[in-house]
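Summary of structural features
Residue-level listing of the chains:
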Amino acid sequence: MQGGRETKVSPPATHEVGDGDAIVSMTLAGAGLWQMPSSIVRHHVEAGDLVVVLDEFEGPPVPVYAVWPGTRHLSPKLRFIVDALHEEARAGKFD
């Protein structure tokens, strides 16, 4: 948002990377500017390893949902993931 209105900026991409961990590693190595969810880079920013720039161009919030097939009982693995995501969200780690 800029000045209270949404603005889209689409600079030409010089790299296309589909792995969040790889993007963070590349950013830490000085490979350029990246737009990442704050939940993924928060600890790097707090440690001073990364610096937030252009925060006035922050995008709108993106909702996160956990969905699964309608069954009576969740498998233990799925229940673990859903519970872990819920705890992370309650702790504000998706903000």
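Below or above, wherever it landed, is the structure these notes cover.

Conventions used here
Residues numbered from 1 in each chain as written. Predicted model: local features only at pLDDT ≥ 70, side-chain atom pairs only at ≥ 80, totals over all residues. Heavy atoms only, no water. Helix = DSSP H or I, 4+ residues; strand = E, 2+ residues; numbered from the N terminus. 1 Å grid on protein atoms, 1.4 Å probe; cavity = no way out; pocket = protein on both sides within 12 Å on 5 of 7 lines; lining within 4 Å. Points joined across faces, edges and corners; volume = space filled by probe spheres on them. Nonpolar A, V, L, I, M, F, W, Y, C, P; charged D, E, K, R; others polar. Buried < 20%, exposed > 50% of the residue type's maximum accessible area, 1.4 Å probe, protein only. Contact = heavy atoms within 4.5 Å. Salt bridge = Lys/Arg side-chain N within 4 Å of Asp/Glu carboxyl O.

Concerning unusual backbone geometry
For residues other than glycine, phi is negative in most cases, and the peptide bonds are mostly trans. A positive phi angle, close to 55°, is found at Leu54, a residue other than glycine. Mapped onto the elements of the fold, Leu54 is located in the loop between α2 (38-46) and α3 (76-90).

Some details on the layout of surface pockets
Within this model, the largest pocket holds a volume of roughly 1800 Å³. Lining the largest pocket are 40 residues, and of these Trp34, Gln35, Met36, Val53 and Phe57 sit closest to its centre. With 5 residues, α2 is the largest single contributor of residues to the lining of the largest pocket. Looking at the lining of the largest pocket residue by residue, the class counts come to 24 nonpolar, 10 polar and 6 charged.

Some points on the side chain of His44
With respect to the helices and strands, the residue His44 is situated in helix α2. Overall, the relative accessible area of 14% leaves His44 in the buried class. In contact with His44, not counting residues within four places along its chain, are Val24, Leu28, Asp49 and Leu50.

As for the pattern of salt bridges
Here the structure, examined in full by the defined rule, presents 2 salt bridges. One salt bridge connects Asp83 with Arg79, and the closest N-O pair in it is separated by 3.2 Å. Taken together, the residues Asp83 and Arg79, both in helix α3 and 4 residues apart, mark about one turn of the helix. One salt bridge connects Glu87 with Arg90, and the closest N-O pair in it is separated by 3.4 Å. Pair noted here: Glu87 and Arg90 are both in helix α3, with a separation of 3 residues, about one helical turn.

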